[in-house]
Amino acid sequence: MDETADIVVIGGGMVGLACGIALRDRGLDVVLCDPGEARARTSYGNAGVVSRGSILPMSSPALWGKLPAYLRNADRGLRLNYAHLPRIIPYTAHFLASARASRWRRAAEALLPLTSAAYPAHERLAARAGTSERLQRTGWLKAYRTEAAFAAAALEREILSEHGVAFEILDTAGLRETEPALVRPYARAMLLTETGSVREPGRLIEACEALFSGLGGRRLRGSVGRLWQEAGGWRVAHEAGTVRARQIVLAAGAASGAIARPLGYRFAVAAERGYHRHYALHPGSPPLTRPVLDTGAGSIIAPMGDHRIRVLSGVELNARHAAPDHTQIEAACREAAGTLRLGGPLDNAPWLGARPSTPDGMPVIGRAPRHEGLLFAFGHGHIGLSTGPITGEIVADLATDRPPRVPVAAFAPDRLLRWPRLV
Ligand SMILES: Cc1cc2nc3c(=O)[nH]c(=O)nc-3n(C[C@H](O)[C@H](O)[C@H](O)COP(=O)(O)OP(=O)(O)OC[C@H]3O[C@@H](n4cnc5c(N)ncnc54)[C@H](O)[C@@H]3O)c2cc1C
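Note that the structure is predicted; figures quoted are calculated from it, not measured. (Residues numbered from 1 in each chain as written. Predicted model: local features only at pLDDT ≥ 70, side-chain atom pairs only at ≥ 80, totals over all residues. Heavy atoms only, no water.)

**A look at the site of the ligand**
Then comes step 1: Asp 34, Ser 43, Val 224, Gly 381 and Ser 386 are the nearest of the 34 residues found near the ligand.
Then comes step 2: Taking Asn 46, its side chain carries an N or O atom lying 3.1 Å from an oxygen atom of the ligand.
Then comes step 3: Between the ligand and His 382 there is a distance of 2.9 Å, counted from a nitrogen atom to a backbone nitrogen or oxygen.
Then comes step 4: Within the complex, 94% of the 1,000 Å² of free accessible area of the ligand lies under protein. (Near = heavy atom within 4 Å. Polar contact = N/O pair within 3.5 Å; in protein donor to acceptor, adjacent residues only side chain to side chain. Areas by Shrake-Rupley, 256 points an atom, 1.4 Å probe, with all protein chains shown as cover.)

So, in structure tokens, the structure goes:
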């Protein structure tokens, strides 16, 4: 089956769907290709946090102090499969080069316009998709178990303050009053007040699929295998045929690097895998009203629909399709049981997804350097649910030759196509 379109979007997660919707809004004939399996999308199973303050990448100056624990797999927030390491050497080199205060500050500056536009873009999208009741601006908490852990995050607070990101510092009693569901006596917490969250991100994704189809977008169920240039544009091969189009948007999350490779683009990217499990709250517990990052456990607990609690693990650096390793999520669930009054688990096995990660914590958004008509929109790492909708609007700007509404120079693809610079 051969079809034609103005533009093909590869990938139907938060980023791809937002691109498809924004491109339909510009009147383009859009085909979106995705295998269509809801749980295979990282956008399905995340914590749903939409935070203006998510401007500080994982590759932080604190990395050097944590490196010995990271290398021993002794830090709860990060687990490395050593057998996978040779495959991510370029990513690791960039990651280490980014772990300096100057780079951290530069990334924060570049990300702020994107994260500042994220919540308004979610509000617009939710209103159209009919999911506004799932989006709530309750703030989110970063909780510290000790005064020393809180003190170690001083640079983070300094950078957030410099950029006018609003937060309040709570002591043990203040936190208990703000979030009575938490039973662990944290020493301190930071409440990021401008933050919202999506309860049940998977429902938002389903609603976006319906919105895209309702706008006249065409969905092709299946994986894209190959793409190549031909007279007048591109041809995209999927499982049941091909699509010809003038432009392509590559928004396939953690699969994007592999899809771009045959075109000669070797991106320094990696899959940061993460897991979740759901629990009921004990009937006697007050409800949890906002997501909480337990910095001591390296994991997040987030309220979802039907009073369920989603426990989410930290980062596992491993091959995208490797067998699941439940070490981190099991530890995260044990820790969560000391943080909340949890009832029994609600699902049989943990969910697994892969954050499409770049080593400098910034997405890849922009035109392909060597191919006309090819746009990249991937690598959103830890902030793809939140910044997906605004990325869609930016991509629609670029595809219709308008200036992007958010500056994207820092997100240019070519920064991850060469070895890192050390200055
Ligand atoms: C545990 C965890 C917690 C997180 N918490 C948050 C959070 O609180 N806030 C936040 O903003 N972000 C969070 N994230 C990150 C966020 O989920 C991701 O950044 C985001 O989902 C990426 O969206 P995406 O559309 O790029 O990728 P995905 O949602 O993975 O979508 C990519 C799509 O491309 C498809 N695809 C792959 N290969 C092909 C192919 N060959 N052809 C066609 N389609 C293909 C896939 O099947 C998939 O449907 C979290 C992630 C994890 C793992």
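**Some points on the sheet that holds strand β3 (residues 49-50)**
What holds strands together in a sheet is hydrogen bonding between their backbones, with the strands either parallel or antiparallel.
Then comes step 1: Ordered in space as β3-β9-β5, the three strands form an open sheet in which the pairing is antiparallel. The outermost strands of the open sheet, each flanked by one partner alone, are β3 and β5 (135-136).
Then comes step 2: Bridge count for β3 against strand β9 (residues 196-198) is two bridges, and the pairing is antiparallel. Within the sheet, the bridge partner assigned to Val 50 lies in β9 and is Gly 196. (Pairing = 2+ DSSP bridges. Helix = DSSP H or I, 4+ residues; strand = E, 2+ residues; numbered from the N terminus.)

**Some details on the nonpolar core**
Then comes step 1: Met 14, Cys 19, Leu 23, Ile 55, Val 249, Ile 394 and Phe 411 are the most contacted members of the largest nonpolar core, which has 71 residues in total.
Then comes step 2: The element that contributes the greatest number of residues to this core is helix α4 (residues 101-129), accounting for 14 residues.
Then comes step 3: Once you skip the residues sitting within four places of it in the chain, Cys 19 turns out to touch Val 9, Val 249, Ala 377, Gly 392 and Val 395.
Then comes step 4: Membership of the second largest hydrophobic core comes to 27 residues, among which are Val 31, Val 224, Val 236 and Phe 378. (Core = buried A, V, L, I, M, F, W, Y, C linked by side-chain atoms within 4.5 Å. Buried < 20%, exposed > 50% of the residue type's maximum accessible area, 1.4 Å probe, protein only. Contact = heavy atoms within 4.5 Å.)

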